[in-house]
Every structure is written in C-alpha cells, then in structure tokens.
Amino acid sequence: MYRPIGVFDSGVGGLNVLKSCTELLPNESFIYLADKANMPYGNKHKDEIAIAAFDAANTLFSLNCKALVIACNTATVTAAERIRMLYSTRVVVGLEPAIRPCVKELGRGGYAVALVTKATFMSERFRILLDSCDRKVVPLAVPELAKLIEDNLGDRARLSKYMQCVFNDYMDAEAVILGCSHYSYIADIIRDIYGGNIKIYDGADGAARRLKYCLEIAGLSAQKSEQERTIRFLSTYKL
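For clarity, every value in this text was computed on a predicted model and none was experimentally measured. (Residues numbered from 1 in each chain as written. Predicted model: local features only at pLDDT ≥ 70, side-chain atom pairs only at ≥ 80, totals over all residues. Heavy atoms only, no water.)

## Description of helix α3 (residues 73-86)
If you check α3, its first and last C-alpha atoms are 19 Å apart, about what 14 residues at 1.5 Å a residue would give, namely 20 Å. Looking at α3, one finds that the buried residues are Asn73, Thr74, Ala75, Thr76, Val77, Thr78, Ala79, Ala80 and Ile83. (Helix = DSSP H or I, 4+ residues; strand = E, 2+ residues; numbered from the N terminus. Expected span 1.5 Å × (residues − 1). Buried < 20%, exposed > 50% of the residue type's maximum accessible area, 1.4 Å probe, protein only.)

## Notes on the side chain of Thr117
Note that Thr117 resides in the loop between β5 (112-116) and α5 (118-122). Using a relative accessible area of 4% as the deciding quantity, one classes Thr117 as buried. A polar side-chain atom of Thr117 sits 3.2 Å from a polar atom in the side chain of Thr120. When neighbours within four sequence positions are excluded, Thr117 is seen to be in contact with Gly42, Thr74, Ala141, Cys180 and Tyr183. (Polar contact = N/O pair within 3.5 Å; in protein donor to acceptor, adjacent residues only side chain to side chain. Contact = heavy atoms within 4.5 Å.)

## With respect to the environment of Ser160
Tracing the backbone through its elements, the reader meets Ser160 in helix α8 (residues 156-167). On a C-alpha basis, the gap between Ser160 and Ile193 in space is 7.9 Å, while along the polypeptide they are 33 residues apart. Setting aside chain neighbours within four positions, we find Ser160 in contact with Ile189 and Ile193.

## A short note on the sheet that holds strand β7 (residues 175-179)
Strand order in the open sheet made by the 4 strands is β6-β5-β7-β8, with parallel pairing throughout. What marks the edges here is a single partner per strand, and that holds for β6 (137-141) and β8 (199-201). Within this sheet the neighbouring strands show an average axis-to-axis angle of 20°, counted without direction. Note that β7 and β8 share 3 bridges and pair parallel. (Pairing = 2+ DSSP bridges. Axes fitted to C-alpha atoms, helices over the stretch in contact; angles between N-to-C directions.)

Dropping the structure here:
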C-alpha cells in the first residue's frame, strides 16, 4: 500500500523542511500538519511541548504515515526520543541546529551565533551539542522571534529592525545558525544585516538526507511506478 510521510511543526516554519524533503524525495507523498493551536512551541514548558508533539505524531501516524519528520528544533530536543520509544517500529526523523557542520567550516578564531527558542536553549540535548564545539558557538535565545515571524511574514521592515537589534553585539560573527525552522524565513534579512558577509546554516537539508537514508534502510522508499505524488496540508486551531 502506498503510504505518505508525515511532517509537523507549530506553524509555517516546517514548510522549509518539507520543501527540502520533497526536492530530495520526488517520488514520496507527504502530509504536513501545522499545529497552530499550540504555536509557538518554543515558549512553552517542556511537558506542554511533549504533549503537543505526541498529539501531532499520533494524528499523522493514524493517517497511515510510514514515517514522521519532526520539522521543529524545539519539539525534536524535547520529545523526539520519547516519540521514537512510543513508535518504536516507525521511522522518526528530527531537526537539529546545524552546529557541527558550521563549526567544521569556521575560520581559526571565528565564532557563530546560534539563534534558538527558549525551550531549545534550556534543553540538555542542545547543551550537549554546544559542549562538543569548543566554545565556538554563542547561543542566543530569542523567545518571541518564531511568533513574530509567523505573524509578520509580510512586514519585512519590522522583522529587519528587530533582527538588527538582536545582532548588534555580534556583528563580528562569522556565521549564524538558525536553530528554529521559522528562522529560515529571515535568512535574507540576516544576510542584509551583515552586508552579505555571513554564512547561514539550518538543519532542513540534513533532516531530508536523514529521512532518505532511514527510508532506504527500512525498505520504505517509494518507487516512481507506485502512483502520482500528493501533498496534503492540515492545521489545528485554537477554539
């Protein structure tokens, strides 16, 4: 039976991850769930995030998804391991800040700024990532940024003004790591702030490659002959 891949985030941020997945896996079908009822995840307590993530995973697996992509850094560091335990026979891929790839490319003495949500900043998994990088990454929690992006995608001037303030003390950084899928929408703004002289890293391509690998290992990769690709979009809403 032809089965889709489920992808979820708290809003539009995960669409960037979905794009990477669809480009790398042109024969696969997808269901994208925007959990707007719980947006943003990043400012919630870890238990609230875990419940929201479990609900999203359960919804997508109940729709016969053969694999799950957690297209959210916050949900990944908070709930990915528990979701894998709960669905131990399923493929579950998470999204992590691209810290290690960034550090490998930093110049001698250079450093990177990692923009993250409050929940990611406080997580043990993120701290382990930082500890492996020899202090070349400065973590910067921006609690309100994901919702600001979600609510103001069309107001680039407002987003640019806000981000200029965020980076005022880090204008000598060599790279910026986007530790939330929403932040990919302001990559162009960040480049402008640094006059184009900045490297930007996110985890979307890495998640897509991991998904492809896991599907192949599990023997779940779709073949072109199975049927035409479909992409469905679902959303939750606050009542």
